[in-house]
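These are the residues of each chain, in order.
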Amino acid sequence: MRILLVEDDDMIAEAVALALRDHAYAVDRIADGLAVSGTLQHSDYQAVLLDLGLPGRDGLEVLRRLRLAGQRLPVIIITARDAVEDRIAGLDYGADDYLIKPFDLNELLARLRAVIRRQGGQASPLLSNGDVTLDPATREAGRGKVQVVLSAREFALLQALLLNPGHILTRHELEERIYGWNEEVESNAVDFLIHGVRRKLGADVIRNVRGTGWRVERR
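Just so we're clear, the structure is a prediction, and the values are computed from it rather than from any experiment. (Residues numbered from 1 in each chain as written. Predicted model: local features only at pLDDT ≥ 70, side-chain atom pairs only at ≥ 80, totals over all residues. Heavy atoms only, no water.)

A.B. asks: Where do I start with the overall build of the protein in this structure?
C.D. replies: Within the protein one finds eight helices and 11 strands. Whereas a compact globule of 219 residues would reach a radius of gyration of roughly 17 Å, the protein reaches 18 Å, a difference of no more than 12%. Counting only C-alpha atoms, the protein reaches 50 × 30 × 30 Å along its principal axes. Burial statistics for the protein: of 219 residues in total, 45% are counted as buried. In the protein, the share of contacts with a sequence separation of at least 24, taken over all contacts with a separation of at least 6, comes to 59%. Total accessible area computed for the protein in this model is approximately 10700 Å², and 48% of it derives from carbon and sulfur atoms. Positive and negative side-chain charges of the protein, numbering 29 and 33 respectively, have mean locations separated by a distance of 8 Å. (Helix = DSSP H or I, 4+ residues; strand = E, 2+ residues; numbered from the N terminus. Rg over C-alpha atoms; globule rule 2.2 N^0.38 Å. Buried < 20%, exposed > 50% of the residue type's maximum accessible area, 1.4 Å probe, protein only. Contact = heavy atoms within 4.5 Å. Areas by Shrake-Rupley, 256 points an atom, 1.4 Å probe, with all protein chains shown as cover. Lys, Arg positive; Asp, Glu negative; His and termini not counted. Charge placed at Lys NZ, Arg CZ, Asp CG, Glu CD.)

Put into structure tokens, the structure is as follows:
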């Protein structure tokens, strides 16, 4: 999953980005509220982590404009503003969650999993297409009697497909969900990851649609 981190504090941004990448998220970071709208237009994200005290444009105003424009992407506010009025304003402006600094990174990861799950219409903490199950908290995948732990990028690829069972994702769409701006993507990277998932869970777990992309079946 690809996350946009909007945070002007370098130390906080580096710590959050490192934790996210360690848990199989691709992360792009910007530090100015004015850049959010344009960034979202040019890349495919699954959630936004939004600070409020931003240069250029305050985070609440960023959020208000996104929702007025019809942008439904999950947004978690991460801020030092702990007044009840600020929390109410953030949620009323359309935030999906509100987390006060300093926060535990594991709590942030759990809240992020929850908002992405809700966005995909999933009530269960496990993702499944009726054949394969995937636990985002542990990166464990199961199929029949087989239970395996996936690498971070294998997990990111299978998660993207399981959030859209039956839907074909192109090579570019998969790369968008797995890699951030500054990460080099080799030409056969997606093929290599798919081979790894198939080796662990079975050759037919991910279907190739010739000339288009890949999908997992909806069972």
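Additional details are given in the paragraphs that follow.
A.B. asks: Mind showing me how you'd approach the sheet that holds strand 4 (residues 75-79) here?
C.D. replies: Read across the sheet, five strands follow the order 2-1-3-4-5 without closing on themselves; strand pairing throughout is parallel. Across the chains shown, the open sheet's two edge strands, defined by having one partner strand only, are strand 2 (26-30) and strand 5 (97-100). Looking at each pair of strands side by side, their axes are set apart by 20° on average, direction ignored. Here strand 4 runs beside strand 5; their pairing, made up of four bridges, is parallel. When the bridges of strand 5 are listed, Ile 77 appears paired with Tyr 98. (Pairing = 2+ DSSP bridges. Axes fitted to C-alpha atoms, helices over the stretch in contact; angles between N-to-C directions.)

A.B. asks: Could you clarify how one ought to interpret the sheet that holds strand 9 (residues 146-149) in this entry?
C.D. replies: Two pairing modes exist for strands in a sheet, parallel and antiparallel, and in both the strands are linked by backbone hydrogen bonds. Across the sheet, which stays open at both edges, the four strands sit in the order 6-7-8-9 with antiparallel pairing between neighbours. Both edges of this open sheet fall to strand 6 (127-128) and strand 9, since each of them pairs with a single strand only. Strands strand 8 (140-143) and strand 9 of the sheet are contacted by helix 8 (residues 189-201), whose axis makes an angle of about 145° with strand 9.

A.B. asks: What is the right way to read the nonpolar core from this model?
C.D. replies: Core analysis: the largest hydrophobic core is formed by 49 residues, its most contacted members being Leu 49, Leu 112, Leu 157 and Leu 158. If you list the elements that add at least two residues to this core, you get strand 1 (2-6), helix 1 (10-22), strand 3 (47-50), strand 4, helix 5 (105-119), helix 6 (152-162), helix 7 (171-178) and helix 8. The biggest single contributor to this core is helix 6, with seven residues. Discounting residues that sit within four places of it in the chain, Leu 112 has contacts with Ile 3, Leu 20, Tyr 25, Ala 47, Leu 49 and Ile 76. (Core = buried A, V, L, I, M, F, W, Y, C linked by side-chain atoms within 4.5 Å.)

A.B. asks: Even after reading the chapter, I still don't get helix 6, so can you show me in this structure?
C.D. replies: Since the α-helix advances by 3.6 residues per turn, residues separated by three or four positions end up pointing in the same direction. Most of helix 6 is tucked away: nine of the 11 residues are buried. Of all the positions in helix 6, only Glu 154, Phe 155, Ala 156, Leu 157, Leu 158, Gln 159, Ala 160, Leu 161 and Leu 162 are classed as buried. Residues of helix 6 that are buried sit in contact with strand 6, strand 7 (133-135), strand 8, helix 7, helix 8 and strand 11 (213-215).

A.B. asks: Hey, could you run me through the pairing of strand 1 in this one?
C.D. replies: Every other side chain in a regular strand lies on the same face of the sheet, so the side chains alternate between the two faces. Counted residue by residue, strand 1 has five buried out of five residues, so it is predominantly covered. What you see with strand 1 is no split at all: Arg 2, Leu 4 and Val 6 on one side and Ile 3 and Leu 5 on the other are buried throughout. As paired strands, strand 1 and strand 2 are joined by five bridges and run parallel to one another. By the bridge assignment for strand 2, Ile 3 is matched with Val 27. In this fold, strand 1 hands off to helix 1, which returns the chain to strand 2; that crossover is right-handed. (Right-handed = clockwise from strand over helix to strand, strands pointing away.)

A.B. asks: Got a minute to help me understand helix 7 in this structure?
C.D. replies: Within the sequence span of helix 7, burial applies to Leu 174, Glu 176, Arg 177 and Ile 178. For helix 7, the elements touching its buried residues are strand 1, strand 2, helix 6, helix 8 and strand 11.

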